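Chain residues, written in single-letter form:
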Amino acid sequence: MTAPRRPVLALYLTIALTLVFATGVWVRPAGAAWDRTYDVVLFNLPYLAASWALFSAGRRIRIDRLAWWGLAVALTLSAVGNALRVLAAGVDGNGPSSPVADLISLAGYLTLYVFVVGVIKARVPRFHPSMWLDGLITALGSLSLGIALLLGPYLIPEAGEMAVPAIELTSPTISVVLLAMLAAVGSILGMRLDRTLVLVIAGLTFVAASDLVYFTQAVRGDYVDGGPLELGWLTGVVFAALSATSAVDRPAPIDRGASRIGWRLLAVPLACIGASLFVLGSGWTHPIPPVCAWLAIACVVAGIARIAVTFAEVRGFQQVKQESRTDELTGLPNRRALLESAQEIVASSATSRPAALLLLDLDGFKEVNDSLGHTAGDELLRQVGPRLRRGLRSDDVLARLGGDEFAVLLPDTGTEPARVLAERLRSLLLEPFTVTGVRLHVGVSIGIATTPAPASTVQELLHCADVAMYSAKTAREGVHVYVPDPVTGTAGSDRLRTMEELRVALEGDELVVELQPQMDLRDGRIVGAEALVRWNHPTRGLLSPAHLLPAAEQAGLLRPLTDRVLELALQATRRWWDERHIPVSVNLSAANVTDLDLPEKVASALRRHGLPTAALTLELVEDTLMADPDRGRAVLADLRRLGVRTSIDDYGTGYSSLAYLRHLPVDELKIDRSLTAEVDSDPRAAAIVRHTVALAHDLGITLVAEGVETASTSAALAGLGCDVAQGYGIAHPMPVDAFLAWLDAADSGVTEAILLPQLSRRARST
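Residues numbered from 1 in each chain as written. Predicted model: local features only at pLDDT ≥ 70, side-chain atom pairs only at ≥ 80, totals over all residues. Heavy atoms only, no water.

## Digging into the side chain of D361
Along the polypeptide, D361 turns up in strand β1 (residues 355-363). A distance of 2.8 Å separates the side chain of D361 from the side chain of K473, its partner in a polar contact. Excluding residues that lie within four positions of it along the chain, D361 makes contacts with D404, E405, G443, V444, S445, M469 and K473. (Helix = DSSP H or I, 4+ residues; strand = E, 2+ residues; numbered from the N terminus. Polar contact = N/O pair within 3.5 Å; in protein donor to acceptor, adjacent residues only side chain to side chain. Contact = heavy atoms within 4.5 Å.)

Pasting the structure below:
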């Protein structure tokens, strides 16, 4: 904020008038009338103009208001006191001052301390012991030296000289105290003085120094009214006014108590302790006032106390610093400590001296918390650090980033050694833990990134390791090394970028569905089609669900994504439903399965596209019900009452398949490809499928075999009683237009499906 211009203009005008007619520097007109005009009016105009500027600054700057207004009142009282003193002293200026003038001048000096208090209050949010001691040391040392040098000769006069009356020492004593207080302010603030504060302290120093010179001249009888000395007072007033007119708003004060160590903070107190020792030493050769000695002794004692406080603060500061870089639960370095170490290592890394970062995320930790409680989870985390430390070198940095995520920073380590070390750490963590008397096994997913390539900064290194760790977790491969995409230079599974782009895609037309036919194994009819989402990315091409679904899950977009896929699938079904009653299957996420509004949403979507409930089958994986089984069963029951078929996808890979079959209201089971792949060659696989078929048929459930790719597999499945087949042996997923064309070709017998000829022959033979 800029200062108002009028106070500045008035200030400079009054200063110019004063200096032109000044004080022995320029000859002023003779005569008593002019002399009174100068002494009473012109000399005091700068005081009043400065008071105006200070008062304006107080209105403008709230945080320093007490300081500015205190100084404004002090200068106003000084101007009034000056005028009354001159009037009482007579034309020649040698008469005694009046008590009223002395009291007002004294009040002006005392009000200066309001400024001192205001400055400290505005700049120090909280006092620490070291601040009090620094200010006390500086004040005591300054007073001891000031009284010894400036007032000592008058308190203890030389032989033959008369002592100065105590009442006359009041003004110089106040000036010495003011100088000491100004020095204490600088010490308390640690010499962090802004331009405004430097100006005002310099101005008050000029005023106090001029008072001391005036006292010395007055005692010796050398003072001449209107002499150059008066420029000292006026210069002080000018500095104070300039500080006010140039002052601007400042941010709120910062508590620097925890960092009160360093030469800027200790220079002034140390100098004052040195001054006190000098005063005490000079007392052996020259008499000094007793008060100087006591002040010097008190300063030294305060200095000793400051040393003790300094040691305590240094120890406390180091402790706080250590705690801020240590994980409270495990005692390992935390994220801040890791970043500091990584900053140094990345800065010094080179192609010949690479470094690596490992990010480790425990698998199954949530189940430990849920089943045994958070106390057991905390105990498990505390055991992880020592377990990992067994496999690390002395200069490797092990840190806990939060939750069940740990990091290992490996200096002078390339990709292959980092991979070997990661496998060793994984083996250590796969060993059983004993937590609250329970033997536990947890897994771990580890992502590896290196510097200077592909990551050249700490943030890039963290990001690459995070992407690699997530890839390891998604692919369940344990350890994964970050590999940049050869085209984009980023990870193919860059979930952070994908998450943000997916939000945009959901609002546009980048998402499409491809359809994979489902064929009746008894007669070769197409009895269904599964809608599989694809992302037609504008720069990365057609992305599969492997890129899309993890990003949607991380971003919390699975529910809107499923809603969008449902809309696209029903829109496609509308194109063929009137000619072919082939239903479409849409996969549900866990978020959808537990959404109590799902049945109404589905009914509304079917009505919007003019389709019956028989046109839709909703698929879910058994694992999606683990979050809230009761709520999921209620949603499925509502869907079944609505008339929408439901299907269990990837059957045989879940947690408790038979228990789900007993309780879930489902119409269809889809046997996972892991059970059907070798059904034509593995008797055990064939036995599992045979009994599953019998169980499903006894419960009135249709059985769909996934992953059917060969004629022998399809024949074996048909012989075991499977109802429907789906897989590449029938057709790959295809866009809607291609699917419609494929249906026409299948109807006319012109198709590349390897199963159709066999199925048609089987149908004729039956």
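## Quick look at helix α19 (residues 558-576)
Taking 1.5 Å as the rise per residue, α19 with 19 residues should run 27 Å; its terminal C-alpha atoms sit 28 Å apart, in good agreement. Turning to α19, its buried residues are L561, T562, V565, L566, E567, L568, A569, L570, A572, T573 and W576. (Expected span 1.5 Å × (residues − 1). Buried < 20%, exposed > 50% of the residue type's maximum accessible area, 1.4 Å probe, protein only.)

## As for the pairing of strand β2 (residues 397-402)
The element β2 is extensively covered by neighbouring structure, given that five of its six residues are classed as buried. Strand direction decides the pairing type here: β2 and strand β3 (residues 405-410), joined by five bridges, are antiparallel. From the neighbouring strand, G402 faces β3, where its bridge partner is E405. Linking β2 back to β3 in an antiparallel pair, the connection comprises two residues, with G403 at a positive phi of about 60 degrees. (Pairing = 2+ DSSP bridges.)

## Describing the packing of helix α3 (residues 45-60) against helix α9 (residues 229-245)
Where α3 meets α9, the closest approach of the two axes is 8 Å, and the angle between their N-to-C directions is 20 degrees. With respect to α9, the axis of α3 lies roughly parallel. Judged by the twist between their axes, the crossing of α3 over α9 is left-handed. When α3 is examined against α9, the residues P46, Y47, A50, A53, L54, A57 and R60 are found in contact with a partner set consisting of W233, L234, V237, A240, A241, A244 and T245. Across the contact of α3 with α9, the residue classes break down as 12 nonpolar, one polar and one charged. (Axes fitted to C-alpha atoms, helices over the stretch in contact; angles between N-to-C directions. Parallel < 35°, antiparallel > 145°, perpendicular 65-115°, else oblique. Left-handed = near helix turned anticlockwise from the far one by under 90°. Nonpolar A, V, L, I, M, F, W, Y, C, P; charged D, E, K, R; others polar.)

## Considerations on the sheet that holds β2
Spatial strand order, β2-β3-β1-β6-β7: five strands in an open sheet with mixed pairing. A strand with exactly one partner marks an edge of an open sheet, and here the two such strands are β2 and β7 (479-481). Here the average twist between neighbouring strands, direction ignored, is 20 degrees.

## Things to note about the pattern of salt bridges
In this structure the tally under the stated criterion is 26 salt bridges. Among the ionic pairs, E416 bridges to R419, the shortest N-O distance being 3.7 Å. Highlighted residues: E416 and R419, both in helix α15 (residues 415-430), separated by three residues, approximately one helical turn. Judged by relative accessible area, which is 47%, E416 ranks as partly exposed. Residue classification places R419 among the partly exposed positions, given a relative accessible area of 32%. Here R607 and E600 are joined by a salt bridge, their closest N and O atoms 3.3 Å apart. Given a relative accessible area of 55%, R607 falls into the exposed group. Through salt bridges that share partners, D520, R522, D523 and R525 make up one connected network. (Salt bridge = Lys/Arg side-chain N within 4 Å of Asp/Glu carboxyl O.)

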